[in-house]
Amino acid sequence: MTYRVHSLAASLRFQPSSAGLSGPSPRAGFLHGRSWARYGLRALAVGTLWGLAQTASAKDLVAVDFEPPVIEMQSVCAPRLSDEQIEDRWKSWDRKTLAGRNAEEVRGDMRRLMEVDAAEWKPVYARVIALLPQIDPSFDADKQLFETIAMRVAAGEAAAVKSEGLVRKALDTPGAKLPHNQRRLGEYLVSGQGIDKDRMRGIGLLVEAARGGDAQALLTLADFQNRGVALPNWTVDPQMTIMLGFAAQVGAMNPTICDRVINIARAYNNGELVQPDYALAEKWYRFAADLGDGNAAYAVAEMHLRSEKIKKNNEVMLKYLHQAAKNGSPSVLIALGRLYEEGALIGQDLGKAEALYDQAAASGARGALVRQALFLEKRADVNPGYKPRFEAALTHLLARDDAPGWAYARAGQMALERKGRWAGQDEALAMWEKGVALGDAEAIRGRARVAMSLNDKMDTFYSGVDDLIFAVEQMGKTGAVRELVDAHLCLAPQGPLPEQADYWSSMADPAALGASETLTAVLGRVEEAQVPDLPREIARKVMAHAQDVLPASPQLADLATLATNPALSDAEQAYWTRVAGLLQVAAPQSVQDYVTLLQPRLLMQFAQLYPASADTPALLLALAQQGNGVAMEALMTADPAHYPDEASVLAAFDDVIRDRGDFDASLLALAHAAPEDQALWLRHAKSEMACIFPQARELAMVAGRVHNTAALKHWIAVSEALARHEKPWARTQIADLYAIFKDQLGEDAALTAQQMYLAAYEAGDRTAIMRLLPKVEKPGKPGFDPARAAELYVALAQRSDGAGLSDVVARINGAEPAVKRAIGDRIDPRALYLRAAEAGDTFAMYQYAALTRDKARTPADIADAELWLGRAAEGGNVDAMIDQARSLAFGITGTPDPDAARGWLVKAAALGNEEASGLLNSMQLGKVPMQ
């Protein structure tokens, strides 16, 4: 049976019920909401909680057509505060007086705060109960007793309430006759909270409360009826019971009416107590919205936006979106801002999203400040102009006592960026400590890095390791796995600790260790428009490919043109599209602006690839001022007038290096440091290194040059640990360290070097052969061994390519006769030259042509020789040009062609070849000025 009620609501509208109930104000979550128990309609949960009956299924729910009354709308609803706003205003209360406050508002605040954290707010609530008579003369002893019982039960003290007999005492008070207290007492008896359970007596009190017009009691009885609970002395059918309850909920025209009717809207929307009726839900939300409730306005707009349960009406949607933005609580403004930010249900409008977040943040609510900061951080990633706004928002958020841990992590990083990695370290560490106390993984990682890199004590190191392990095990931070591997190899004071590093490496996803990382994967890890920081090798490849298509001496602005260059891969075009977008938004006016916008590693690659670019000197200077050591050293070449040597560079950038010097800058300082300062620069370099073999080896090299033997040995050991996963060339480079610093490393160093060269050779390294040959190919040396030298030369030829093959032949030609005899015909110089020629070596082309011509037996041999001679000449080999000219002049392979011959001689002479100039004169073809 379906009841349609309109006139009933109208007839009862704004007549206060005897209960006078309003309930606490609901929070956000308007289409689905939370349990009605939170908002004053506890009937929806009592059947289950008290074990009176099975939960009512959807088919058991009654259909009730209860429409909002038709009235002249006016804005009467009080603005709804968030829990955070309520907490803020009570945290500052002096607990001395309630003067100037509204009693009902105070009681509503206390109930909400008890639901937030009963243990924290119970002392405040107890003090409020004691002081309420100051502002509510009717708040007598009976009311204090009932309020105290409610407070203590909410705080989990039902057992104590029972032992003290407070509910029994309340049953004997005059106030026990009031409907809302009858309902409270009935609930205690039915649930057995604070008193022995007596269901029948409790239900009897609920019936009395319902007869007295208590909305919650009426709806509780309706829920019992839906569940099949017997209700003595209650013969009203469920539909009418619900209508009476809803009518009582509408109640009086006062500032809390919207809270009450939103409960009715939720009931229809969620199918709680009544069968779902989305059209009625929308009407009740609109009723509340038209009375001035911004949260209800958002609920209406969201129903039309999603159009899953009702037919979409754009006019209605836009009207209530506007109203929600005007009157909504911070949580509604945030929800509305997300709609505009994400653009899924409505068109994306970041400007509107920003304005809504700002409006919400103006309330000071924690959630609003958090959302504003996160939004501005994301915007700053694609438009650096937002960075000051993000920093300001973060500062406001951190001014709260309950700022989230991630905010401290960001603040620590900002301190390093603002002051420098060394000058800002104390401030960063203080921020990270606060973040660590809140369990933030990024703060934990920041603190761990400092603890492990700038302290030489193993217990401090292991404290940092524990932090990283927590980040991995508790928070799933895969980046921390990479840091654990690096820490055991590069940061352990008594390291390296390869076994521990291998353990953590085995626990990691290969992607977390950077294995087989691609540009596409890097782009996929950040927001769509954000320009990611590229890993070292990817940045090198990206710029190398850019060099293939950029002008010979480009400017930084030319980087934007790469976005649409079809010669680049799709991933590279996607990357440069993001760069172009960033540059378009930020509109850089100077080289310094580019340094602010783009990744230093990428810009350093640009400077190294294009030393002649007009932007390069200023670019290097700007990067050097950021603490970039590679840029500092490059200034000696780019601007030798101001930076003639390392001493002048150190003098110019001493403060910069001390405040923010990176790995290479720290090594530069170490190379010129007094012995007492070396430990500082070693720590700085260790902290900034990438824990890769080339940097560990470089640290060892500089330590050896400044005669810091302990550091030299340590970093050689680290290099060896890192070389385990490198190709054989790494062993050769470690052997070089033993050879160069054998006097510091002890009497076994030379033998160690030789053994490592041998191991690298056997593993396939070409350079190791070059280190071994001098020991066996020179007569008079203790190790002279022609057979061994021949073996090495054969291996050298096999492992060489390009120009290296020509060098092998040249070296063999200069070898000792005994070595040549040992080589015999095991190496064919002509075959080596052909391999090199095919790889593009013009010298090898010429040599192959000459050898082929000298041994030619057939016309095909001669043609082959002329082919490669021509290629060598075209490639710029002057000897080939001259031979080609002779061939053409005298018609060696065909009809003489003096003009073509002269052309080749002119080209050779223009390259500075005196023989070509002389031949031109002898041929009386005109003198070519020598260059």
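For the structure itself, look to the data block above.
As a starting point, this report considers the structure included with it. (Residues numbered from 1 in each chain as written. Predicted model: local features only at pLDDT ≥ 70, side-chain atom pairs only at ≥ 80, totals over all residues. Heavy atoms only, no water.)

### A look at helix 34 (residues 663–671)
Within helix 34, eight of the nine residues are buried, which leaves it mostly tucked inside the rest of the structure. Turning to helix 34, its buried residues number three or more, namely Phe-663, Asp-664, Ala-665, Ser-666, Leu-667, Leu-668, Ala-669 and Leu-670. In this structure, the buried residues of helix 34 make contact with helix 32 (629–638), helix 33 (646–660), helix 35 (678–688) and helix 36 (693–705). N-cap assignment for helix 34: the residue whose side-chain oxygen lies 3.2 Å from the backbone N of Asp-664 is Asp-662. (Buried < 20%, exposed > 50% of the residue type's maximum accessible area, 1.4 Å probe, protein only. Helix = DSSP H or I, 4+ residues; strand = E, 2+ residues; numbered from the N terminus. Contact = heavy atoms within 4.5 Å. Polar contact = N/O pair within 3.5 Å; in protein donor to acceptor, adjacent residues only side chain to side chain.)

### Remarks on a positive patch on the surface
On the surface, Lys-742, Lys-775, Lys-778 and Lys-781 cluster together to form a positively charged patch. Residue position: Lys-778 is located in the loop between helix 41 (766–776) and helix 42 (786–799). The exposure class assigned to Lys-778 is partly exposed, which follows from its relative accessible area of 41%. (Patch = residues over 30% accessible without salt bridge, like charges linked within 9 Å, V, L, I, M, F, W, Y side chains within 5 Å. Areas by Shrake-Rupley, 256 points an atom, 1.4 Å probe, with all protein chains shown as cover. Salt bridge = Lys/Arg side-chain N within 4 Å of Asp/Glu carboxyl O. Lys, Arg positive; Asp, Glu negative; His and termini not counted. Charge placed at Lys NZ, Arg CZ, Asp CG, Glu CD.)

### Side note on the pattern of salt bridges
Tallied over the full model, the rule gives 45 salt bridges. The residue Asp-83 makes a salt bridge to Arg-112 at a minimum N-O spacing of 2.7 Å. Taken together, the residues span a long stretch of sequence, with Asp-83 in helix 3 (residues 83–91) and Arg-112 in helix 4 (residues 103–131) at a distance of 29 residues. Of the two residues examined, Asp-83 and Arg-112, each falls in the buried class. Notably, a salt bridge pairs Glu-341 with Arg-371, separated by 2.9 Å at the nearest N-O pair. One end of the pair, Glu-341, is in helix 16 (residues 330–342); the other, Arg-371, is in helix 18 (residues 366–382), with 30 residues separating them in the sequence. Accessibility classification places Glu-341 together with Arg-371 in one group, the buried group. Each member of the salt-bridge network shares a partner with another, and the members are Glu-104, Arg-107, Arg-111, Glu-147 and Arg-184.

### Points about the environment of Gly-802
Within the secondary structure, Gly-802 sits in the loop between helix 42 and helix 43 (803–813). A sequence separation of 40 residues divides Gly-802 from Thr-842, and the C-alpha atoms of the two residues are 9.7 Å apart. Not counting the four nearest positions on each side in its chain, Gly-802 is found in contact with Ala-836, Ala-839 and Asp-841.

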